[in-house]
Amino acid sequence: MTTKLGNFVNGATVAGTGDTLEVTNPANQEVLATIPYATAAEIDAAVAAAGDAQREWREVPTPERARLMFKYQELLKANHDDIARILSLETGKTFDDAKGDVWRGIEVVEHACNVSSMLMGETVENVARRIDTYSVIQPLGVCAGITPFNFPAMIPLWMFPLAVACGNGFVLKPSEQDPMTPMRLAELFSEAGAPDGILQVIHGGKDQVDALLTHRDIKAVSFVGSVPVAKYIYQTAAQNLKRVQALAGAKNHMVIMPDANKDQAISSLVGASCGAAGQRCMAISACILVGEAREWVDDIAEAMAAVRPGVWDDEDAGYGPQITQAAKDRIVGFIERGDEEGARLVLDGRDCTVDGYPDGNWVGPTLFADVTPEMSIYREEIFGPVLVSSGVETLSDAIDLINQNPYGNGVSIFTSSGGAARTFQHEIEVGQVGINVPIPVPLPFFSFTGWKDSFFGDLHTYGKQAVRFYTETKTVTARWLDEMAPATANMTIRLQ
Ligand code: NAD
C-alpha cells in the first residue's frame with residue numbers, strides 16, 4: 001500500500017496542496033509513498049509558526065531542553081529497528097547499514113543531551129574596578145537544514161537536535177528521494193515532547209530550497225549534498241546574509257604502504273569502497289598503492305569480487321542497489337568513460353543482476369587500475385561501488401597526488417610505520433585522517449571537518465563547532481556599585 005506523506009507542521013502531518021512525487025524502493029521500483037511539494041504559502045506558514053514556537057522555546061531552561069533530548073534518545077533507541085526498516089526500504093540499504101545510519105544519528109542526540117555545558121560562556125571579573133565582563137550564548141532564531149539521500153536518519157540528526165537544544169526553531173527539507181525516514185524522526189521528536197512548530201519538515205526540491213535560502217526569517221542554513229549544489233547553496237545563502245555551512249562531495253583516498261598488514265588493509269579497503277553501495281561521502285573511492293604494494297591489485301580485485309549486492313533483508317548481501325536508475329546510469333557512464341580514457345578495468349560491475357529483482361538499480365563492485373589524475377574517473381565523485389587505483393614510488397608521491405586533488409573530506413593510510421603515519425597526518429591536506437582506520441568519521445563530541453571543495457563555510461557540523469554555528473555570543477560588561485560596602489584601597493601597580 002502506498003503511504004501518503006504530508007509536510008510535518010506544528011506537530012502533525014498536514015496534507016500538502018502542491019504537486020506530488022513518488023518515493024520508490026530502489027530494489028524493485030515499487031512505489032512506497034507519495035510526498036507533496038510544499039507551496040510558497042505553506043513554507044511561509046511553516047517558517048512563521050517555527051518563529052512563534054522559538055520565541056517561547058528560547059525561554060525554556062537549558063536543563064529542560066536537555067531532558068527533551070534524553071527522552072528523544074530513549075524513543076529513537078526503542079524504535080531503532082523500525083526506523084532502520086523504513087530506511088532500508090526507501091534507500092535499499094542492507095539492514096546492518098540502515099541500523100548504522102540510525103545509530104550514528106542517535107549519537108548526536110546523546111551529544112545534544114549535554115547542551116547546558118556546551119552553552120557556557122566566559123567571565124572575567126574586575127576588567128576594571130568593580131566591572132565584570134561575561135559572555136552569554138543565545139540562539140539565532142529559526143534555522144534551516146537541507147539534507148541528501150544517502151543518510152536519511154544520520155544527517156537530519158546531525159542538524160536539528162543540536163539546533164533545537166541550543167534554543168532554535170528548525171525547518172528541515174529532506175531529500176525528496178527518501179523522505180519517509182526523516183518524517184518518522186519528526187513524529188518521534190514530537191512524541192518525545194518537542195513543542196509544536198519547533199521542528200517543521202517541508203518537502204520538495206530546488207524551488208523549496210530557494211524559498212528557504214531567500215526567506216527573511218531564516219537565520220542559518222545547514223546543507224549536505226553534492227558539490228555543485230553546495231556551492232550554489234553557499235553563495236545564495238550568503239548573498240541573502242545568512243550564516244551557512246555546506247558539506248559537499250568527495251574523492252577519499254586510501255594509501256597502502258608496503259609495510260601494511262596486507263589482509264587488514266585489503267579487507268578495510270573493500271568495505272570502505274563498496275559498503276552502502278559506495279554511496280557514502282566518506283567512502284574510499286581512490287586507492288594509492290606505494291612501492292611493492294603496487295603488486296596487490298589482483299588481490300584487491302579478488303576480495304572485491306567476493307562482495308555481492310542484494311536486498312535489504314538478505315543477510316549475505318554486502319550492499320544494496322543504487323538509489324535511482326539515473327544514479328546507476330551515471331555510474332555505468334563513468335565506467336565506460338574510464339575504459340575509453342585508458343584505465344585498466346580489472347573488475348567490471350556493469351552486468352550485475354540479483355535473483356528475483358530484475359528491476360533493481362544494481363551495480364557490481366568495480367575496480368580500475370593504472371588510473372591517472374587527468375582521467376574523469378579520478379577527478380570526479382562517482383558515488384558508487386567503483387574504486388580507482390594508481391601506483392606510486394614513495395609516500396611523498398602519494399601525499400603530493402592527494403594534495404593536488406580538489407576534495408578534502410577523508411583520507412586514510414595503512415602502514416606499520418609510526419614515522420610514515422606521522423608524516424602523512426602532518427602533511428596531508430584533508431580534514432579527516434584515518435591511520436589504519438578506513439573511514440575516519442569523528443564521533444559527535446568532535447566536529448565533522450571536511451576541507452577544500454568538500455566543505456564551504458567556517459563552522460563545521462556537530463560537536464562544539466555546531467553549537468557556535470547555531471548560536472550568537474553576547475558579551476556583557478557590567479558595573480554594580482555597592483553603597484553598603486566599606487571603601488576599598490585604591491591600590492595601583494606601578495609599571496617600570
Ligand atoms: P544533491 O546535492 O543532489 O541533493 C542534496 C539536497 O539538495 C536535496 O535535499 C535536494 O533536494 C537539494 N537539491 C538538489 N538540487 C538542488 C538545486 N539545484 N538547488 C537547490 N537544492 C537542490 O545530493 P544527493 O545526491 O542527495 O546526495 C549525495 C551527495 O551528497 C554526494 O555528493 C555526497 O558526497 C554528498 N554528501 C556529503 C556529505 C558530507 O558530509 N560532506 C555527507 C553526505 C553526502
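Note that the structure is predicted; figures quoted are calculated from it, not measured.

Conventions used here
- The written sequence of each chain sets the order in which its residues are numbered from 1.
- In keeping with the model being predicted, local features are shown solely for residues with a pLDDT of at least 70 and side-chain atom pairs are shown and tallied solely at 80 or more, while totals for entire chains, interfaces and linings include all residues.
- No hydrogens and no water enter the side-chain calculation; it runs on all heavy atoms of the structure.
- In this text, helices come from DSSP runs of H or I with a minimum length of four residues, and strands from runs of E with a minimum of two, each type numbered from the N-terminal end.
- Throughout, a contact is declared for two residues whenever any of their heavy atoms are within 4.5 Å.
- Where accessible areas are quoted, they stem from the Shrake-Rupley method and a 1.4 Å probe; at the residue level, only the protein chains shown are allowed to cover.
- By nonpolar core is meant a set of buried Ala, Val, Leu, Ile, Met, Phe, Trp, Tyr and Cys residues that side-chain atoms within 4.5 Å join together.
- Three exposure classes are used, based on accessible area relative to the maximum for each residue type with a 1.4 Å probe and protein chains only: buried under 20%, partly exposed in between, and exposed over 50%.
- Every case where a carboxyl oxygen of Asp or Glu lies within 4 Å of a side-chain nitrogen of Lys or Arg is listed as a salt bridge.
- Each pair of strands is called paired provided DSSP finds at least two bridges between the two strands.
- Interaxial angles span 0 to 180 degrees and are taken between N-to-C directions of axes, which are lines fitted to C-alpha atoms, for helices over the stretch in contact.
- Near is defined per residue: the residue qualifies when any heavy atom it owns lies within 4 Å of the molecule or strand.
- In protein, a polar contact means a hydrogen-donor-capable atom and an acceptor-capable atom, both N or O and within 3.5 Å, with residues adjacent in sequence counting only if both atoms are side-chain atoms; elsewhere, any N or O pair within 3.5 Å suffices.
- With respect to orientation, any angle under 35 degrees is reported as roughly parallel, any angle over 145 as roughly antiparallel, any angle of 65 to 115 as roughly perpendicular, and every other angle as oblique.
- Handedness of a crossing is defined here by the sense of rotation of the near helix relative to the far one, left-handed for an anticlockwise turn of less than a right angle and right-handed for a clockwise turn.
- Just so you know the grouping, Ala, Val, Leu, Ile, Met, Phe, Trp, Tyr, Cys and Pro go in nonpolar, Asp, Glu, Lys and Arg go in charged, and all remaining residues, Gly too, go in polar.
- Planes of paired rings set the category: under 30 degrees apart is stacked, over 60 is edge-to-face and the rest tilted, where pairs are Phe, Tyr or Trp rings (Trp by its six-membered ring) whose centres lie within 6.5 Å.
- Working rule: Lys NZ or Arg CZ, within 6 Å of ring centre, within 35 degrees of ring normal, means a charge sits over the ring.
- What goes into a patch is any residue over 30% in relative accessible area without a salt bridge, connected to like charges within 9 Å or, for nonpolar side chains (Val, Leu, Ile, Met, Phe, Trp, Tyr), within 5 Å.

Caption draft 1: Quick look at the overall build of the protein. In terms of helices and strands, the protein carries 16 helices and 23 strands. In terms of principal-axis extent, the alpha carbons of the protein reach across some 85 × 70 × 40 Å. Taking the intrachain contacts of the protein between residues at least 6 apart in sequence as the baseline, contacts between residues at least 24 apart amount to 72%. As displayed, the protein has an accessible area near 21500 Å², and 50% of this comes from carbon and sulfur atoms.

Caption draft 2: Local environment of the nonpolar core. Ranked by size, the top nonpolar core spans 69 residues in total, and within it Tyr 72, Leu 76, Trp 158, Phe 170, Phe 189 and Tyr 470 carry the most contacts. Among the elements that line this core, the one with the most residues is helix α6 (residues 154–165), at 10 residues. With 30 residues, the next largest nonpolar core counts Tyr 378, Val 386, Val 392 and Ala 398 among its residues.

Caption draft 3: Representation of the pattern of salt bridges within the structure. Using the criterion set out here, one finds 18 salt bridges in the structure. Here Arg 294 makes a salt bridge to Glu 393, at a shortest N to O gap of 3.5 Å. In this pair, Arg 294 is assigned in the loop between β14 (284–290) and α11 (297–305) and Glu 393 in the loop between β17 (386–392) and α14 (395–404), connecting sequence segments 99 residues apart. Given the relative accessible area of 33%, Arg 294 is considered partly exposed. Judged by its relative accessible area of 53%, Glu 393 falls in the exposed class.

Caption draft 4: Focus on the sheet that holds β17. Pairing in this open sheet of 7 strands is mixed, and the strands run β15-β16-β17-β14-β13-β19-β20 from one edge to the other. Only two strands of the sheet have a single partner each, and these edge strands are β15 (344–347) and β20 (433–435). Here the average twist between neighbouring strands, direction ignored, is 20 degrees. As defined by bridge partners, β14 adjoins β17 across 5 bridges and the pair is classed as parallel. Paired with Ala 286 across the strands is Val 388, a residue of β17.

Caption draft 5: Broad picture of the site of the ligand. As a structural note, the neighbourhood of the ligand is formed by 27 residues, with Lys 173, Glu 176, Ser 226, Ala 248 and Glu 381 the closest of them. Between Glu 176 and the ligand, the recorded distance is 2.7 Å, taken from a side-chain N or O atom to an oxygen atom. Between Glu 381 and the ligand, the recorded distance is 2.6 Å, taken from a side-chain N or O atom to an oxygen atom. Looking at the shell around the ligand, the elements with two or more residues in it are α6, α8 (206–213), β11 (218–224) and α9 (227–239).

Caption draft 6: Structural detail: the side chain of Gln 73. Looking at where Gln 73 falls in the secondary structure, it is placed in helix α2 (residues 62–78). A relative accessible area of 15% means that Gln 73 is categorised as buried. A polar side-chain atom of Gln 73 sits 3.1 Å from a polar atom in the side chain of Glu 110. Contact partners of Gln 73, with chain neighbours within four places excluded, come to Ile 106, Val 109 and Glu 110.

Caption draft 7: Up close: the packing of helix α4 (residues 95–112) against α6. Taken N-terminus to C-terminus, the directions of α4 and α6 make an angle of 15 degrees; their axes are 8 Å apart at the nearest point. In this view, α4 runs roughly parallel relative to α6, as classed from their interaxial angle. Judged by the twist between their axes, the crossing of α4 over α6 is right-handed. When α4 is examined against α6, the residues Asp 101, Arg 104, Gly 105, Ile 106, Val 108, Val 109, His 111 and Ala 112 are found in contact with a partner set consisting of Met 154, Leu 157, Trp 158, Pro 161, Leu 162 and Ala 165. When the residues that make up the contact of α4 with α6 are grouped by side-chain class, the tally is 10 nonpolar, 2 polar and 2 charged.

Caption draft 8: A look at the packing of aromatic side chains. With the rule as written, the count across this model stands at 12 aromatic pairs. Ring plane angle 75 degrees and centroid distance 5.5 Å describe the contact between Phe 95 and Trp 312, whose orientation is recorded as edge-to-face. Taken as a pair, Phe 95 in helix α4 and Trp 312 in the loop between α11 and α12 (325–340) lie far apart in primary sequence, 217 residues in all. For Phe 95, a relative accessible area of 18% corresponds to the buried category. Here a set of aromatic residues connected by ring pairs shows up, and it is made of Tyr 72, Phe 160 and Phe 189. In this arrangement the basic side chain of Lys 93 is found over the ring face of Phe 151, its NZ or CZ atom lying 3.8 Å from the centre.

Caption draft 9: Layout of the sheet that holds strand β4 (residues 20–24). Read across the open sheet, the 3 strands follow the order β1-β5-β4; overall the sheet is mixed. Taken across any chain shown, the strands that pair with only one partner, and hence form the sheet edges, are β1 (3–4) and β4. Direction of pairing for β1 relative to strand β5 (residues 31–36): parallel, over a ladder of 2 bridges. In the strand pairing of β5, Thr 3 is matched with Ala 33.

Caption draft 10: Structural detail: the environment of Val 332. Along the polypeptide, Val 332 turns up in helix α12. Sequence separation of Val 332 and Gly 364 is 32 residues, and the distance between their C-alpha atoms is 10 Å.

Caption draft 11: Broad picture of the pairing of β4. One ladder, built from 5 bridges, connects β4 with β5; its direction is antiparallel. Bridged to Thr 20 within β5 is Pro 36. Between β4 and the antiparallel strand that follows it, β5, lie 6 residues; Gln 29 among them carries a positive phi value of about 70 degrees.

Caption draft 12: Summary view of a nonpolar patch on the surface. Together, Leu 443, Phe 445 and Phe 446 make up a nonpolar patch on the protein surface, roughly 320 Å² of accessible area in all. In this structure Phe 445 comes out as exposed when scored by relative accessible area, which is 53%.

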